[in-house]
Amino acid sequence: YRDTLPEKLDYNMHVRPILSDKCFNCHGPDGKKRKANLRLDTPEGAFAKIGERKNHSAIVPGDEDSEVIKRILTTDKRLIMSTPASHLSLSEYEKAVLVKWILDGAEYK
């Protein structure tokens, strides 16, 4: 799928629709629904230090070890995002878009 991706991704055209459809329900603006105290609808939320020790970020621009990349690519049902309980899943194309976006610098607009 990476071969079919645009050379330059546009956040509003390519990335935001995926995040909005598949991620914002649990990691968006609604603080009452937010899981893991993680907010992906803003760069401040996505790049903020998270975890029990506040020692890593969900998205580290340009870093293939970003937690979001690990979570969308894993096959471990305990770790995968979107969670099986959400009844949402990312297509291979959507995963490739998100990975490319993060590796390209995770620019929000």
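Residues numbered from 1 in each chain as written. Predicted model: local features only at pLDDT ≥ 70, side-chain atom pairs only at ≥ 80, totals over all residues. Heavy atoms only, no water.

Caption draft 1: Focus on the overall build of the protein chain. For the protein chain, the helix and strand inventory stands at five helices and two strands. Counted from the first residue to the last, the protein chain has its helices and strands arranged as α-α-α-β-β-α-α. Principal-axis analysis of the C-alpha atoms gives the protein chain an extent of 35 × 25 × 25 Å. Counting over 109 residues, the protein chain shows a buried share of 37%. A sequence separation of at least 24 residues applies to 49% of the contacts in the protein chain between residues at least 6 apart. Within the structure as shown, the protein chain displays about 7,000 Å² of accessible surface, and the carbon and sulfur contribution to it stands at 50%. The protein chain carries 19 positive and 17 negative side-chain charges, and their two centres are separated by 7 Å. (Helix = DSSP H or I, 4+ residues; strand = E, 2+ residues; numbered from the N terminus. Buried < 20%, exposed > 50% of the residue type's maximum accessible area, 1.4 Å probe, protein only. Contact = heavy atoms within 4.5 Å. Areas by Shrake-Rupley, 256 points an atom, 1.4 Å probe, with all protein chains shown as cover. Lys, Arg positive; Asp, Glu negative; His and termini not counted. Charge placed at Lys NZ, Arg CZ, Asp CG, Glu CD.)

Caption draft 2: Representation of the pattern of salt bridges. Using the criterion set out here, one finds seven salt bridges in the structure. Across the pair Arg71 and Glu67 runs a salt bridge whose closest N-O atoms are separated by 2.9 Å. Residue Arg71 and its partner Glu67 are located together in helix H4 (residues 67-73), separated by four residues, close to a single helical turn. (Salt bridge = Lys/Arg side-chain N within 4 Å of Asp/Glu carboxyl O.)

Caption draft 3: Region of interest: helix H1 (residues 11-22). Within the sequence span of H1, burial applies to Tyr11, His14, Val15, Ile18, Leu19 and Lys22. Angularly, the buried residues of H1 cover 120 degrees about the axis, an arc narrow enough to put them on a single face. The exposed residues of H1 that point more than 90 degrees off its buried face are Met13 and Asp21. Against helix H2 (24-27) and helix H5 (92-103) lie the buried residues of H1. For H1, the side-chain oxygen to backbone nitrogen distance between the N-cap and Asn12 is 3.1 Å, and the N-cap itself is Asp10. (Arc of directions from axis to C-beta. Polar contact = N/O pair within 3.5 Å; in protein donor to acceptor, adjacent residues only side chain to side chain.)

Caption draft 4: Highlighting the nonpolar core. Grouped together as the largest cluster of nonpolar side chains are 26 residues, with contacts concentrated most on Leu19, Leu40, Ile59 and Trp101. Those elements that place two or more of their residues in this core are H1, H4 and H5. A total of six residues in this core trace back to one element, the largest contributor, which is H5. Filtering out sequence-adjacent residues up to four positions away, Trp101 remains in contact with Leu9, Tyr11, Val15, Leu19, Ile59, Ala106, Glu107 and Tyr108. (Core = buried A, V, L, I, M, F, W, Y, C linked by side-chain atoms within 4.5 Å.)

Caption draft 5: Local environment of the state of the cysteines. All chains considered together, the criterion is met by zero disulfides. Distance from the sulfur of Cys26, which forms no disulfide, to the nearest cysteine sulfur (Cys23) is 8.9 Å. (Disulfide = S-S within 2.5 Å.)

Caption draft 6: Here's a closer look at H5. With twelve residues, H5 should cover 16 Å at 1.5 Å per step; its first-to-last C-alpha distance of 16 Å lies within 8% of that length. Counting buried positions along H5 yields nine of twelve residues, so the element is predominantly enclosed. What H5 keeps buried is the set Glu94, Lys95, Ala96, Val97, Leu98, Val99, Lys100, Trp101 and Ile102. If you follow the buried residues of H5, they end up packed against H1 and H4. Looking at the residues trailing H5, positive phi occurs at Gly105, about 120 degrees. (Expected span 1.5 Å × (residues − 1).)

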